[in-house]
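Spelled out from the first residue to the last, the chains are:
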Amino acid sequence: MIYLIFVIFLGGAALTWLSGKIHPILRDVVFLASLIVPSVLFYMNVEVGQTVSFSLIGYKLSWGINYLGYLFSYIVVGLGVLAGFYAIPAMKGKKNLGFFYSNFVLSIMSMLGILFSRDLISFFIFWEIMTWSSYLMVVFQGKDVQKVGIKYFVFSAIGAYAMLMAIVIIYSLNQSMMISDLVSSFASFDPTMQWLIPILLLVGFGVKSAMMPLHVWASGSYSHAPMAYTSIFSGALSKMGIYGMVIVMVSLVPIIPEGFWLRETIAWLGAITAVGGTLWAVAQDDAKKLLAYSSVAQLGYIIVGVAVGTPLAMLAALFMAVMHGLFKGALFMVTGAVERQTGTSNFTEVTGLIRKMPWTFLAALMSIIALAGIPPLGGFVGKWMLYESLIGSSHYILVIVIFFSSTAAFLYCYKFLFGFFLGQEEKEWAHVKEAPAMMVVPMLLLAFGTFVLGAFPGLILDPINAGMQEMGFASTQGKYWEMSMLFNEWGDQIMLQPILYAIIAVFAFFAIFLTIKGFKKTRYVTTKDISSSGEVPLEHENLTFSVNFFQPFLRTVEPLMKRQIDKYYNEFGRGMEALFDFTRRVYTGNGQTYALYAVIFIVILLMFKNTLFGL
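My aim in this report is to walk through the structure given alongside it, one point at a time. (Residues numbered from 1 in each chain as written. Predicted model: local features only at pLDDT ≥ 70, side-chain atom pairs only at ≥ 80, totals over all residues. Heavy atoms only, no water.)

1. Description of the overall build of the chain
- What the chain contains, in helices and strands, is 25 helices and two strands.
- Taken across its 615 residues, the chain has 54% of its residues classed as buried.
- Pairs at least 24 residues apart make up 79% of the contacts formed inside the chain by residues separated by at least 6 positions.
- Counting every atom, the chain has about 27,500 Å² of accessible surface; 67% of that belongs to carbon and sulfur. (Helix = DSSP H or I, 4+ residues; strand = E, 2+ residues; numbered from the N terminus. Buried < 20%, exposed > 50% of the residue type's maximum accessible area, 1.4 Å probe, protein only. Contact = heavy atoms within 4.5 Å. Areas by Shrake-Rupley, 256 points an atom, 1.4 Å probe, with all protein chains shown as cover.)

And the structure:
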């Protein structure tokens, strides 16, 4: 059955591309079937612990799923199928859709393949398929290919080569490609190799999880990829880096002598990632870039939990990984819907869409509440556990940094909601209508998922607990909730009924109030329907509140934002370009010039033969 699942994925990708040349409807049907059929087969027929083994060019390979992989499959498969339905109307009218949909299917297949891989060869092959398919999505629209596409490709190559180097070293030491063999024999490796292997692997995983200073590709790639794919890019693909990081931090790093310092370093890199991503998100006027930097920040929280590594921190990190897939997937879908209906995703250009796109607003509202960590949605549960785990492990300065990042995130959460939906209505957007149902339903389901997991976190904490015990954490006897005061006080299911009822009452009150008020004669005015010092603004003057949003705050934190690692990468790139330009001048392609180089080399050897060879 495992073989069949991947055959359907691979065949579906090929058939999707071919059917696009026959008829668009056939292409769309094949595309959705290529996602749904293998997903159904996976959840109905593949059980945890089930494996298949085979040989490839003399190496033993093995595929199977464990509890941790099964947990991450919820993100990959669930988000993949919903994003597939969303993509049909979102990409309507675009060119080369067969190519787009086939790469979409390959991305989902490759991520599931990573979760299935029990050996390093399969892991690396699926990792490369994921990288190439996502790269093709980044450059699909042909925007800033040289700047954004190359940057993503270069950093992906850095991560891939670091991972490949680690795999080669592991095989030279262990004579096995099985991940289980690596874990069991890692303690016998030389101390130098015990440090080198995890660091190389963390570089590879750190690139995909956008950990600073390996994050610079993320903002451009997330914002330039089609919005129909970015929900997968941010919500699922980034989690493959987290998945690999969990394996390294849990299975390998605890064995390293003084490995505590590696944990602390990664934790602080995660915290810096969270703060930097948050500040840059606040500064954005385009929703796509705001969400891109926000994704970087949210991944920073997860990295902190994984690196700290206490049972509660790991529980929080994995819970937040699932939550991030839900609310960030929904928010990218919301942005894609607004862009489709209005032609822009810039807050300074479009505003006041709450009456035009009410269902999209509802999805945005629930997702933003979850992102901000406000009860009763699931973001609150994850952040509370993370704060508590940091305090319980004596990371007091770290919890202050994370709390600052989380608090500052309220600014861009408000900016997103107000910028698109709550601002003044403008007459140029009077024609805007709600997005198609196939776009609205997936984002509402994702947003509603944040509510369900906020009220009943045990639905996902149970599989997280099983995955943690499989990795070697102590058994909780099913009472994992006793690790947190949150659960100790309210039980193994968060009892938020009083808070929930109060919030519903507030929303119901304002809904009734605004509805009754709406029956009265209300005149909706635009930003031009005002006067300033007796002057009436002209039509071309932009008075949208989103212009220069939060400038006092940004001026205050400007010193923190001056030092950009991207600047140093650019300087390094220019230096390498100068070196290559010099090399091109040396290697002219002229045979006589090469003959002259050979003569000069022989003369130098003869002149220094005694020094070089002792003759």
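This is not the end of the story, as more comes after the structure.
2. Describing the pattern of salt bridges
- Following the criterion strictly, the structure yields three salt bridges and no others.
- Where Lys-415 meets Asp-285, a salt bridge forms, and the shortest distance between an N and an O atom there is 3.4 Å. Of the two residues, Lys-415 is situated in helix H16 (residues 396-422) and Asp-285 in the loop between helix H11 (260-282) and helix H12 (287-308); the sequence distance between them amounts to 130 residues.
- The buried category is assigned to Lys-415, whose relative accessible area is 1%.
- The partner of Lys-288 in a salt bridge is Glu-339, and the shortest N-O contact between them spans 2.9 Å. Here Lys-288, found in helix H12, pairs with Glu-339, found in helix H13 (residues 311-342); they are 51 residues apart in sequence, far enough to count as distant.
- The buried category is assigned to Lys-288, whose relative accessible area is 12%. (Salt bridge = Lys/Arg side-chain N within 4 Å of Asp/Glu carboxyl O.)

3. Thoughts on unusual backbone geometry
- With an omega of 10 degrees, the peptide bond running from Met-212 to Pro-213 counts as cis.
- Residue Asn-96 is not a glycine yet carries a positive backbone phi of 55 degrees.
- Along the polypeptide, Asn-96 turns up in the loop between helix H3 (67-90) and helix H4 (97-116).
- Located in the positive-phi region is Gln-175, a residue other than glycine, with phi close to 55 degrees.
- Here Gln-175 lies in the loop between helix H6 (145-174) and helix H7 (179-185).

4. Comments concerning H13
- Over its 32 residues, H13 runs 46 Å from end to end, which matches the ideal 46 Å to within 8%, given 1.5 Å per residue.
- With 29 of 32 residues buried, H13 is to be regarded as a mostly interior element.
- Once H13 ends, the next one or two residues include Gly-343, with phi positive near 90 degrees. (Expected span 1.5 Å × (residues − 1).)

5. Observations concerning the nonpolar core
- Ranked by size, the top nonpolar core spans 192 residues in total, and within it Phe-72, Phe-100, Phe-104 and Phe-416 carry the most contacts.
- When residues in this core are grouped by element, the largest group, 21 residues, is from H13.
- Contacts of Phe-104, omitting those with residues within four sequence positions, involve Phe-31, Leu-35, Gly-80, Ala-83, Gly-84, Met-137, Ala-228, Tyr-229 and Ile-232. (Core = buried A, V, L, I, M, F, W, Y, C linked by side-chain atoms within 4.5 Å.)

6. Structural notes on the packing of aromatic side chains
- Per the stated rule, a full pass over the model turns up 44 aromatic pairs.
- A centroid spacing of 6.0 Å and a plane angle of 85 degrees characterise the contact between Trp-132 and Tyr-135, whose relative ring orientation is edge-to-face. Separated by three residues within a single helix, Trp-132 and Tyr-135 lie in helix H5 (residues 120-138), roughly one turn from each other.
- In this structure Trp-132 comes out as partly exposed when scored by relative accessible area, which is 44%.
- For Tyr-135, a relative accessible area of 14% puts it in the buried group.
- Taken together, the aromatic side chains of Phe-31, Phe-99, Phe-100, Tyr-101, Phe-104, Phe-140, Tyr-152, Trp-217, Tyr-222, Tyr-229, Phe-233 and Phe-332 make up a single cluster linked through ring pairs. (Phe/Tyr/Trp six-rings, centres within 6.5 Å; stacked < 30°, edge-to-face > 60°.)

7. Some points on the packing of H3 against helix H10 (residues 227-252)
- Relative to each other, H3 and H10 sit at 170 degrees, their axes nearing to 8 Å. Between H3 and H10, the crossing angle belongs to the class labelled roughly antiparallel. Touching Leu-68, Gly-69, Phe-72, Ile-75, Val-76, Leu-79, Gly-80, Ala-83, Tyr-86, Ala-87 and Ala-90 of H3 are Met-227, Ala-228, Ser-231, Ile-232, Gly-235, Ala-236, Lys-239, Met-240, Ile-242, Tyr-243, Val-246 and Ile-247, all from H10. (Axes fitted to C-alpha atoms, helices over the stretch in contact; angles between N-to-C directions. Parallel < 35°, antiparallel > 145°, perpendicular 65-115°, else oblique.)

8. Overview of the environment of Lys-95
- Counting through the fold element by element, Lys-95 comes out in the loop between H3 and H4.
- With relative accessibility at 70%, the residue Lys-95 sits in the exposed group.
- Once the C-alpha coordinates of Lys-95 and Gln-141 are considered, the two residues, 46 residues apart in sequence, prove to be 9.3 Å apart.

9. Topic: the side chain of Thr-450
- Relative to the assigned elements, Thr-450 resides in helix H17 (residues 437-455).
- Apart from residues no more than four positions distant in its own chain, Thr-450 is found in contact with Met-323, Leu-326, Phe-327, Met-366, Ala-370, Leu-377 and Gly-378.

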